[in-house]
Amino acid sequence: MATINELRERIHADSSEEIVAEYLEKIEKSKLNAFITVSKESALLQAREIDSKGHEGPLAGIPIAIKDNISTKGIQTTCASKILTGYVPPYDAHVIEKLKAAGAIIIGKTNMDEFAMGSSTETSFYGPTLNPWDTKRVPGGSSGGSAAAVAGGEAPVSLGSDTGGSVRCPASFCGVVGLKPTYGVISRYGLISYANSLEQIGPFGSCVRDVATIFDVIAGHDPRDSTSVNREANYSSALKNDVKGMKIGIPQEYFGEGTDKNVERSVRDAINTLEGLGATTIDIKMPNTKYALSAYYVIAMSEASSNLARFDGMRYGLRTEDSDWHTTFSQVRAAGFGDEVKRRILLGTYALSAGYHDKYYLKALKIRTLIKQDFERAFADVDVLIAPTMPYPAFKIGEKIDDPISLFLSDVDTVPVNLAGVPSISVPCGFTNGLPIGMQIIGKHFDEASILRAAFAFEENTDFHTRQPEGS
Amino acid sequence: MIGKKDLEHIGWLARIELSDEDKEKYTPKLNSVLDYFSELDKAETEGVEPTYHVLPMSNVFREDVPTASLSQEEALSNAPKNQHGFIKAPRMM
Amino acid sequence: MYENPDGVMIGLEVHVQLNKLKTKVFCGCSTDYHNDPPNSHVCPVCLGLPGSLPVINRKAVEAAIKIGLALNCKVEEHTQFYRKNYYYPDLPKGFQITQYDFPISSGGYITIEGEDGELKVGITRAHMEEDPGRLVHEGTIDKSKYTLIDYNRSGMALIEIVSDPDMRSPKEARRYLDKLRNIVEYLDIFDGDLEGALRVDANISIMGGQRAEIKNISSHKGAERALLFEIVRQKNVLRRGGVVVQETRHFDEAREITISMRSKEEAHDYRYFPEPDLVPLKISGWAPAIKATLPELPDARRMRFVEQYGITDDHAKALTSELKLAIFYEDVAKKADPKMAAVWVCDVLKGELNYRDLTVDAFKKENMQKIIELLASKKITEDGAVDIIRTLLDKGGSPDEIVKEKGLLKVEGDIVATAAEEAIKENQQAVADFRAGKEKALNSLVGAVMKKTKGRADARTAREMLLEKLG
Ligand SMILES: [Zn+2]
C-alpha cells in the first residue's frame, strides 16, 4: 500500500506509466475480483500523456479505482447488474470530471453489491469480491471492490458511495480509511441513484491524508445537482495531530447487544488513546437509534423502487424478446435484476403504494426527523461522536446472504448517519483474529474538519493503518 | 402480511415478472422484512414533521440558457434497438 | 337557460407547453427542436440516463406564476415537485416529475361564452410538470407492430391546467380551449402554432354516469370532435341498456373516434412522493412582482378597445380573440380611422384569411392602413378595396400598384352622369318598368352604369344619379 505522497515521488523519479502498469499487473493477477472493468488502454494512454506533457494537478499521474455506479464516459458502468451490462455512459460524473482535471488516472471500475444494495458485495452479477485479509470472507459492501482494491494494493485510492454505510462498512472490514461526507458536499451528478436522499460519494485510502486529498479534489458546488451545497473548504489543512480539548461523545446505543466484544474493546481503547492525547469524553444517549434500521430501509427501498424504474431496456441496458410494451418491460426487469434488487424494489413499491404510504414511507420520514434531532442534541454538547463502524468484523461469504434481516442488522451503526446527513469517517482501530476493526468518527453537518483531525491524530499515534494483508 | 395475490399486484406495479417459483421464494422473505418493519409502529411520531430533505435548502434554479445536448449518435449509442434516429420500443397493445 | 338534455359534464386537462422558453424545464437542452432530427436535442437528464439529475429552470417557474395569475388563481408561496410513478415508453425515467400536494397555483376561473351567455369555468389547479417524449406509431396505436420514440420533446416545461367539470357541451369545451390558448399567448410564453404546443385530455360523463378520460387530443377542433363522438358513444351504451365504465380512451384523430385503452395498466397507483433530487421552492413575493409586469389580457383589452376606439363590443371581442390580430388592429388604428379599421379587419380581412387558411402574419399592416386611407378619402370603392385585399393575399404587390394596374380609382361624377344618361337611353324597357312601380328594374340600370364605368363607379352614387334623372 503506497500513499499518494510516495507515488508522487515515484512518478517524479520514474513515470506515471510505470506505476499505472504495476497496478494493472497487480489487478490482472489478483483473485479478489475487486474490479468489474479494467480500463487498461485508456489508463496507460493517459499516463503516457501526463509523463510527456506534464500536469500541474494535485493528483497528476495517480491511479484511482471507481465504484461501478459512478458514470465514466467511454467506460462501461454496470452497477454490478446484468441489466446494465454493456452500458457505456456518454458523460462523466461530476467527480470524474474533477478527478481528470486533477490529473488522476482511472484504472478501472470496482465491484459492488448490485445497485449498491447490500453490505457484503455478494449480490454482484459479477460474483463476490473477496476480503484481502481472508478470502473466505466478504469485504463488506456495497463498495466492497473499492475497499478491497485499496487494501489489496490494487489501487492506492478509490471512490465508493455510501447510502447506509456502503463506504464505511467495507473500509472497516478491509482495514482502510473511508469517508462519508455531509449530504450535499460532493455532487451526485453521475452517481447512479439507489436512495438519493441518503447517499453521498466518498473516498477510500490507506491513510487519512490520502482520503482528505481526494476529498479536496472532488468536493465542491455543482450547479447540476440541486442538493449540492456551495461552500469553500480545504480539508487537508484540517489534518493536525492535535485533539486537545476536543469533546468526544460516546453514543451508548452503538455498543449494544450484538456488538462483538473485541470490536467494543478496540473502539474503547481507541477512545482512550484520544483521551490520552487531550480529548475529553462524555457518554451520550441517542434514544431513537433503535428505529433507524427500519426507517432507513423503508426510505431506501421506496426511493429505489422509483429510481430503478428507468431500467426498461429501451434507451440502454438489457433487452429481451419484444412482446407488448408492459410485458416486455416486466420481462426485461425479471431477467436483468438480481433477487436482492427485485425484493427491495417490490418492498419499496409496497411501502409507497395506496393504503401503505403513510404506514411505512411517511412514518419512516418522521422517524428520520427524530433521529436527526438525536444528532442535533448530541452535537450541542460534543464535537464528534465515536462508535464502532460495524458491530463485528468481516463475516464469511454466504453466511448471511439468505437471511435479509441478519444482513440488515449489520448496518445498525452506519445508517443513522445517512438518515441525519452528517459526515462520518471509518478508520482502522484494531484487529481480531487477524481481521481489521474499524471505528467511525461522526461529525456535525459540514464539520468534516473535526472528524478528519480526530482521525488523523489517532492515525499519527497508532499503527493499525500500516498493517497489510499478506500478498498486498 | 403479503399473500400471493398481493405479491402479484406489487410485481405488476413494479413491472417485474414473477414466476411461481419466485413467488414461493420471495413471499417469506418479504414478510420477514415487513414483520421487522413493524418496529416503526412503536415510535411515537405524533406531531413530528417528516424530513424529506435533510438539509434546509430551497430555491435552487438554473437560468434559461441553453447548454450542449448529446449528438444523436451519442443519444442512441446504448439503445438496443433504434430505427431512423428513433428509439424502437415494442408495440403498445 | 340551457337545458343540457344529456346531462353532459366536461372537465378538461390542458397541457400548455412553455415553448417560448429557451431551454427545457430541468436541463439546458434547447427547445428549438421542431425542424431537427429525432433524439438530437437530448442530454443525460431528459434522456433519463442513469445518474443524471434535474435542476429547475427559473423562467419556467416565472411563467407558471404568470399563468396562475392570468387564470385568477391563488399562487402559492411554498411549492414543490413530486414523482408520479407510471410507465410508458415516452417517459424516460419511469416517473414524471410533476406537482401533487402544494401545486404552484389553484382555485381560479376564466369566463367564456357559454350556451346561454357568459359561463364561468373553474380552474381547479395549474401546476408545473415535464413533458414526455413523442411516440410515433405505424398506423394506429392499437395495430402498430412497434413504437418509435423521439425524446426531443422530453423535458419541455408544461403547465397542466385542470378545469372543474363545468362545461356542458363540446362547443363550450372548444370555446374554453380557444380562450385558454388566447390567454397564454397574450402572456408571451407560448406559441400555439408549434406542433404539440397544446394538448388536451378530456373527462366526460353524461346523465350522471361514470366518466371516460379521453387522451391524445391535440387541437380545439379535435376536442370538439372527440367529445361529440364520445357523447354519442355513451348514449348508445345507455340505450342498449349498458353502463358507461370509467376508463381511459385514446382519440384517433384520423378516424375521429375514441378507442378503449382498457388493460391491466388501468390499475393505476402513482405512488406520488416528493422528488428527492429537487429542493422545495419558497416563492413568496414572486407573484406580486410578476403581477406588476403582467401584460394586458384579452378581456381587459376588449374593454379598452371599445372605450378607446369607439368600436362595437362584437368587433372588440373578435379582434382580441387572437393576440396577433389585436396587435395588428391596434397598429392599423394608430394611422387610420379606428372604426373603419375594425370593420375592415374583422368583417373582411379575417374572412379572407380564414378562407385561405392564413394568419394575420400574411398581411402587412401598412397595406391595411393604405386601403383604409383610400376608402376614407373615397378614392376607391368598397368593391375595389375587397379586390385589393384579395389580390394582395393571392399575388402580392402594393395597394397603389394594384389600384393602378386594375384601374380601381373611383371615376368622377360627370362620367357617372353621362353613363347614367346613356343607360336610360339604351334601356327603355327597364325605365318603363321602373316607372310602373317595379323597384327592381332600377338594379338593372345601376348594373348598366357599372358596366359602362368598368366597375369604378360607386354603386350608391350611380343609383342616386339615376333616380335624379328619372325623377
Ligand atoms: Zn436535456
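Draft legend 1. The arrangement of the overall build of chain B in detail. Looking only at helices and strands, one finds 3 helices and 3 strands in chain B. Over its C-alpha trace chain B gives a radius of gyration of 23 Å, far above what one expects of a compact globule, namely 12 Å for 93 residues. Seen through its principal axes, chain B has C-alpha atoms that stretch 55 × 45 × 20 Å. Surface exposure of chain B reaches about 4,900 Å², of which carbon and sulfur atoms provide 50%. For chain B, the distance from the average site of its 11 positive side-chain charges to the average site of its 17 negative ones is 12 Å.

Draft legend 2. Up close: the domain arrangement of chain C. For chain C, the assigned domains read domain 1 (9-290), domain 2 (298-406) and domain 3 (413-470). For domain 2 of chain C versus domain 3 of chain C, the distance between C-alpha centres works out to 32 Å.

Draft legend 3. Structural context of the coordination of the zinc ion. Residues and elements named next belong to chain C. Each protein donor to the zinc ion is listed here as Cys27 (SG), Cys29 (SG), Cys43 (SG) and Cys46 (SG); together their distances run 2.3 to 2.4 Å. When the donors of the zinc ion are listed by position in the chain, the intervening gaps give C-x1-C-x13-C-x2-C. Within this pair, whereas Cys27 is found in the loop between strand E1 (9-17) and strand E2 (56-57), its partner Cys46 is found in the loop between E1 and E2, the two being separated by 19 residues in sequence. Cys46 carries the same exposure label as Cys27, and that label is buried.

Draft legend 4. Layout of the packing of helix H14 (residues 441-452) of chain C against helix H15 (residues 459-470) of chain C. Residue and element names in this part refer to chain C. Running from N to C, H14 and H15 point in directions that differ by 120 degrees, and their axes come no closer than 9 Å. Taken together, the axis directions place H14 and H15 in an arrangement best described as oblique. The two elements H14 and H15 meet at a crossing, and its hand is right-handed. Contacts between H14 and H15 involve Leu442, Asn443, Leu445, Val446, Val449 and Met450 on the former and, on the latter, Ala459, Ala462, Arg463, Leu466, Leu467 and Leu470.

Draft legend 5. How the structure looks around the interface of chain A and chain C. At the interface, 35 residues of chain A touch 32 residues of chain C. Together chain A and chain C conceal approximately 2,700 Å² of surface at their shared face, both sides included; 58% is due to carbon and sulfur atoms. Three residues stand out in chain A for area buried against chain C, namely Ser226(A), Arg310(A) and Arg315(A), and they jointly supply 23% of the buried area on that side. As a salt-bridge pair, Asp277(C) and Arg188(A) come within 3.0 Å of each other at their nearest N and O atoms. Listed by contribution, the elements that provide at least two residues to the side of chain A that touches chain C are helix H9 (292-307), helix H10 (325-336) and helix H11 (339-352) of chain A. Top contributing element to the side of chain A that touches chain C by residue count: H9(A), with 4 residues. A breakdown of the residues in the side of chain A that touches chain C according to their chemical character gives 16 nonpolar, 13 polar and 6 charged.

Draft legend 6. Spatial organisation of the side chain of Thr389(A). Residue and element names in this part refer to chain A. Structurally, Thr389 is set in the loop between strand E9 (384-388) and helix H13 (404-409). Polar contacts involving the side chain of Thr389 include one to the main-chain carbonyl oxygen of Met439, which spans 3.4 Å. If near-sequence neighbours (up to four positions away) are discounted, Thr389 is found in contact with Arg168, Cys169, Ser172, Asp413, Thr414, Ser426, Gly438, Met439 and Gln440.

Draft legend 7. Focus on the sheet that holds strand E10 (residues 146-150) of chain C. Ordered by their spatial adjacency, 4 strands build an open sheet running E2(B)-E3(B)-E10(C)-E9(C), and the pairing between neighbours is antiparallel. Here the strands that pair on one side only, and so sit at the sheet edges, are strand E2 (82-83) of chain B together with strand E9 (134-137) of chain C.

Draft legend 8. Molecular detail of helix H3 (residues 40-53) of chain A. Along its 14 residues, H3(A) runs 20 Å from first to last C-alpha, staying within 8% of the 20 Å computed at 1.5 Å per residue. Phi turns positive one or two residues past the end of H3(A), at Gly54(A), with a value near 80 degrees.

Draft legend 9. Structural view of the packing of aromatic side chains. In total, this model carries 32 aromatic pairs over all chains according to the counting rule given. Taking the centre distance of 3.8 Å and the plane angle of 15 degrees together, the rings of Tyr297(A) and Phe408(A) count as stacked. One end of the pair, Tyr297(A), is in helix H9; the other, Phe408(A), is in helix H13, and 111 residues separate them in sequence. Here Tyr297(A) matches Phe408(A) in class, with each residue buried. Within the aromatic cluster, the residues linked to one another by ring pairs are Tyr87(A), Phe115(A), Phe311(A), Tyr316(A) and Phe337(A). It is Lys84(C) that lies over the ring of Tyr270(C); its NZ or CZ is 4.4 Å from the centre. A cation sits over an aromatic face here: Lys120(C) above Tyr109(C), 4.3 Å from the ring centre.

Draft legend 10. Layout of helix H8 (residues 338-355) of chain C. All names here are of chain C. For H8, which comprises 18 residues, the first-to-last C-alpha distance of 24 Å matches the rise-based estimate of 26 Å (1.5 Å per residue) to within 8%. Largest kink in H8: about 35 degrees, centred on Val345. Burial in H8 covers these residues: Ala341, Ala342, Trp344, Val345, Cys346, Val348, Leu349, Glu352 and Leu353. Against the buried residues of H8 lie helix H6 (313-320), helix H7 (323-335), helix H9 (365-376) and helix H10 (382-394).

Draft legend 11. Molecular detail of the environment of Val48(B). Structurally, Val48(B) is set in the loop between helix H2 (20-37) and strand E1 (61-62). Spatially, the C-alpha atom of Val48(B) lies 47 Å from that of Leu76(B), the residues being 28 residues apart in sequence. Each residue touching Val48(B), except ones within four places of it in the same chain, is listed here: Lys366(A), Thr369(A) and Leu370(A).

Draft legend 12. Representation of the sheet that holds strand E8 (residues 280-284) of chain A in the model. Residues and elements named next belong to chain A. Strand order in the open sheet formed by 11 strands is E1-E3-E2-E4-E6-E5-E10-E11-E9-E7-E8, and the pairing between neighbours is mixed. Every other strand in the sheet has two partners, leaving strand E1 (35-38) and E8 as the edge strands with one partner each. Strand-to-strand twist of the sheet, defined as the mean angle between neighbouring strand axes without regard to direction, takes the value 30 degrees. Here strand E2 (residues 63-67) pairs with strand E4 (residues 157-162) via 3 bridges, running parallel. Following the sheet pairing, Ile64 is matched in E4 by Val157. Across the face of the sheet, helix H4 (residues 94-101) comes into contact with E2, strand E3 (105-110), E4 and strand E6 (200-205) while running at roughly 175 degrees to E2. Contacts from helix H7 (residues 208-218) reach E2, E4, strand E5 (177-180), E6 and strand E10 (424-432) within the one sheet, and its direction differs from that of E6 by about 145 degrees.

Draft legend 13. Main features of the interface of chain B and chain A. At the interface, 49 residues of chain B touch 70 residues of chain A. In total, chain B and chain A occlude about 5,400 Å² of area from one another, counting both sides; carbon and sulfur atoms represent 67% of this. It is Leu40(B), Val54(B) and Asn78(B) that lose the most area in chain B upon contact with chain A, and together they represent 13% of the buried surface on that side. Taken together, chain B and chain A are joined by 4 salt bridges. Put simply, Asp339(A) and Lys25(B) hold a salt bridge, and the shortest N to O gap is 3.1 Å. The interface formed by chain B and chain A includes 19 residue pairs in polar contact (both at pLDDT 80 or more). Element by element, the count of residues in the side of chain B that touches chain A is highest for H2(B), at 9 residues. When its residues are assigned to classes, the side of chain B that touches chain A shows 31 nonpolar, 5 polar and 13 charged.

Draft legend 14. The pairing of strand E15 (residues 257-260) of chain C, seen in detail. Residues and elements named next belong to chain C. Pairing geometry for strand E14 (residues 247-252) and E15, over 4 bridges, is antiparallel. When the bridges of E15 are listed, Asp252 appears paired with Ile257. In sequence, E14 turns back onto E15 through a hairpin of 4 residues, with Glu256 there showing a positive phi of about 55 degrees.

Basis of the calculations
- Residues numbered from 1 in each chain as written.
- Chains lettered and ligands numbered in written order.
- Predicted model: local features only at pLDDT ≥ 70, side-chain atom pairs only at ≥ 80, totals over all residues.
- Heavy atoms only, no water.
- Helix = DSSP H or I, 4+ residues; strand = E, 2+ residues; numbered from the N terminus.
- Rg over C-alpha atoms; globule rule 2.2 N^0.38 Å.
- Areas by Shrake-Rupley, 256 points an atom, 1.4 Å probe, with all protein chains shown as cover.
- Lys, Arg positive; Asp, Glu negative; His and termini not counted.
- Charge placed at Lys NZ, Arg CZ, Asp CG, Glu CD.
- Domains from an automatic or database assignment.
- Donors = N, O, S within 2.8 Å, 3.2 Å for Na, K, Ca; no water.
- Buried < 20%, exposed > 50% of the residue type's maximum accessible area, 1.4 Å probe, protein only.
- Axes fitted to C-alpha atoms, helices over the stretch in contact; angles between N-to-C directions.
- Parallel < 35°, antiparallel > 145°, perpendicular 65-115°, else oblique.
- Left-handed = near helix turned anticlockwise from the far one by under 90°.
- Contact = heavy atoms within 4.5 Å.
- Buried area = accessible area lost by both parts, 1.4 Å probe.
- Salt bridge = Lys/Arg side-chain N within 4 Å of Asp/Glu carboxyl O.
- Nonpolar A, V, L, I, M, F, W, Y, C, P; charged D, E, K, R; others polar.
- Polar contact = N/O pair within 3.5 Å; in protein donor to acceptor, adjacent residues only side chain to side chain.
- Pairing = 2+ DSSP bridges.
- Expected span 1.5 Å × (residues − 1).
- Phe/Tyr/Trp six-rings, centres within 6.5 Å; stacked < 30°, edge-to-face > 60°.
- Lys NZ or Arg CZ within 6 Å of the ring centre and 35° of its normal.
- Bend = angle between axes of the 7 residues up to and from the residue.

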